[in-house]
Amino acid sequence: MDELTVAGLLLRSRAVLGGARTEAALACVRASRLTRRHDPLAGLAALVVGAPLVGEDWFRGPLRHTHTDERYGVGDQLGSAPVTPDDVLLGRAPSRTGPWPDRVRSLGYLIADAVAGPAVDFADLNSPRAAEGLRMPDGAEPGSRCAMRFDPGGLVEAVVTRRPDGTLGYDLDLDTVTFSAPAEIDWAVGILWQDYVLLLPPELPGTESDPLTEAIGSDLADTAETLRTWARDHGLGQDAGPHWVTLGDADQVRWLASRALAGEPTGGGSPGAAHIWNSAMAALIDGDVENAQEEACRLRG
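Right, let's walk through the structure included here. The residue numbering used here restarts from 1 in each chain and proceeds along that chain's sequence as written. Per-residue local features of the predicted model are confined to residues with pLDDT of at least 70, and side-chain atom pairs are confined, for both listing and counting, to 80 or more; whole-chain, interface and lining totals are unaffected and use all residues. Just so you know, side-chain values use all the structure's heavy atoms and leave hydrogens and water out.

1. Some words on the overall build of the chain
Only runs of H or I of at least four residues qualify as helices and only runs of E of at least two qualify as strands under DSSP, and these elements are numbered from the N terminus. Secondary structure assignment for the chain yields 13 helices and four strands. Remark: exposure states derive from per-residue accessible area (1.4 Å probe, protein chains only) relative to the maximum for the residue type, with buried under 20%, exposed over 50%, and partly exposed in between. Of all 301 residues assigned to the chain, the portion counted as buried reaches 49%. Whether two residues touch is decided by their heavy atoms; if any such pair falls within 4.5 Å, the residues are in contact. At a minimum sequence separation of 6, the contacts of the chain that also span at least 24 residues come to 64%. The accessible surface values rely on the Shrake-Rupley method and a 1.4 Å probe; as for residues, cover is taken only from the protein chains in view. Here the chain displays about 14,900 Å² of accessible surface, and carbon together with sulfur accounts for 51% of that area.

2. Focus on the pairing of strand E2 (residues 145-151)
Inspection of the sheet shows strand E1 (residues 121-122) paired to E2 by two bridges, in the parallel sense. Note that in E2 the partner of aspartate 121 across the bridge is methionine 148. Two strands are counted as paired when DSSP detects at least two bridges linking them. Turn length for the E2-strand E3 (residues 154-162) hairpin, with the two strands adjacent in sequence and antiparallel, is two residues, and the turn residue glycine 153 shows positive phi of about 75°.

3. A look at the sheet that holds strand E4 (residues 168-179)
In spatial order, the strands read E1-E2-E3-E4; together these four strands make up an open sheet with mixed pairing. Each edge of the open sheet carries a strand with a single partner, namely E1 and E4. Looking at chain direction, E2 and E3 are connected through six bridges and run antiparallel. Along E3, the bridge assignment pairs arginine 149 with leucine 155.

4. Overview of the environment of valine 156
With respect to the helices and strands, the residue valine 156 is situated in strand E3. Each C-alpha atom, one on valine 156 and one on leucine 172, is 7.1 Å from the other, the two residues being 16 residues apart in sequence. In this structure, valine 156 is in contact with Leu125, Cys146, Ala147, Met148, Phe150, Leu172, Asp173, Leu174, Thr176 and Val177, ignoring residues within four places of it in sequence.

5. Notes on the packing of aromatic side chains
Any pair of Phe, Tyr and Trp rings, taking the six-membered ring for Trp, is counted once the centres come within 6.5 Å. Such a pair is stacked with planes under 30 degrees apart, edge-to-face with planes over 60 apart, and tilted for the rest. Inspection of the entire model under this criterion finds four aromatic pairs. Here the aromatic rings of phenylalanine 150 and phenylalanine 179 are separated by 5.3 Å at their centres, their planes lie at 75°, and the arrangement is edge-to-face. In this pair, phenylalanine 150 is assigned in strand E2 and phenylalanine 179 in strand E4, connecting sequence segments 29 residues apart. Judged by relative accessible area, phenylalanine 150 falls into the buried class, the value being 12%. For the ring pair tyrosine 196 and tryptophan 255, a centre distance of 6.4 Å and an interplane angle of 50° mean the geometry is tilted. With a gap of 59 residues between them, tyrosine 196 in the loop between helix H9 (181-193) and helix H10 (221-236) and tryptophan 255 in helix H11 (residues 247-260) connect regions that are remote in the sequence. A relative accessible area of 31% means that tyrosine 196 is categorised as partly exposed. Judged by relative accessible area, which is 27%, tryptophan 255 ranks as partly exposed.

This is the structure:
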């Protein structure tokens, strides 16, 4: 996948996954928040890259639960009923919580795990005690190595050691960290597109089909002005623009902030306030009135 564009991804998806799977994934993207469309698209990219590596049997066979499944709540959505990845992707597997637009991203995680291979347990590499409490397979001996999952499609080897008290434990060999190809593309797409509102066919920029041409509602007008003023006073200056009329006006400032100021308008504002601003901006563009107003109130103090 040399060309990371939405059109290029969808074209490749139709060639690899077929029309029905691609359209089902696209429906999930459309059901997502505008500012989070990159999440299911990243999952779709993982499916496109992973499909030739796992074959059709993976899509049509039973969905195999992994440590990623447990950590990211796939089991919470599906329960214990036997389903296939196709059941999930094509919407044939009912979710316990109703609509589940994140199912494409979840399947991207699971195909990343399938390509990476099995693991004994899940190791939290963010914890200083990551090697503690991990499951020990039967027959393990000092010096043997076990694969541990630490992220979707990510494995690290744990070396079995004998502790001073005579019990067996692990030392994690961080030089063995690897990511599967679907995990790599998922990460790349997510990073590349996270600051954009991505248009989907048949949406065209600047036309009525473009969701960013929608006017900011009257219930968010005061919130929008608070966010514009805060951006102006904390690093963006005139780049914050005049009064915002459309969602596109707000999104342009959000994009400028992510590029010119590394996503953190400062100019005297704290990183915590910058995070609040970013969250409020996303909520504004997504039409999430309650959260946008709440975050804007936090900025006002």
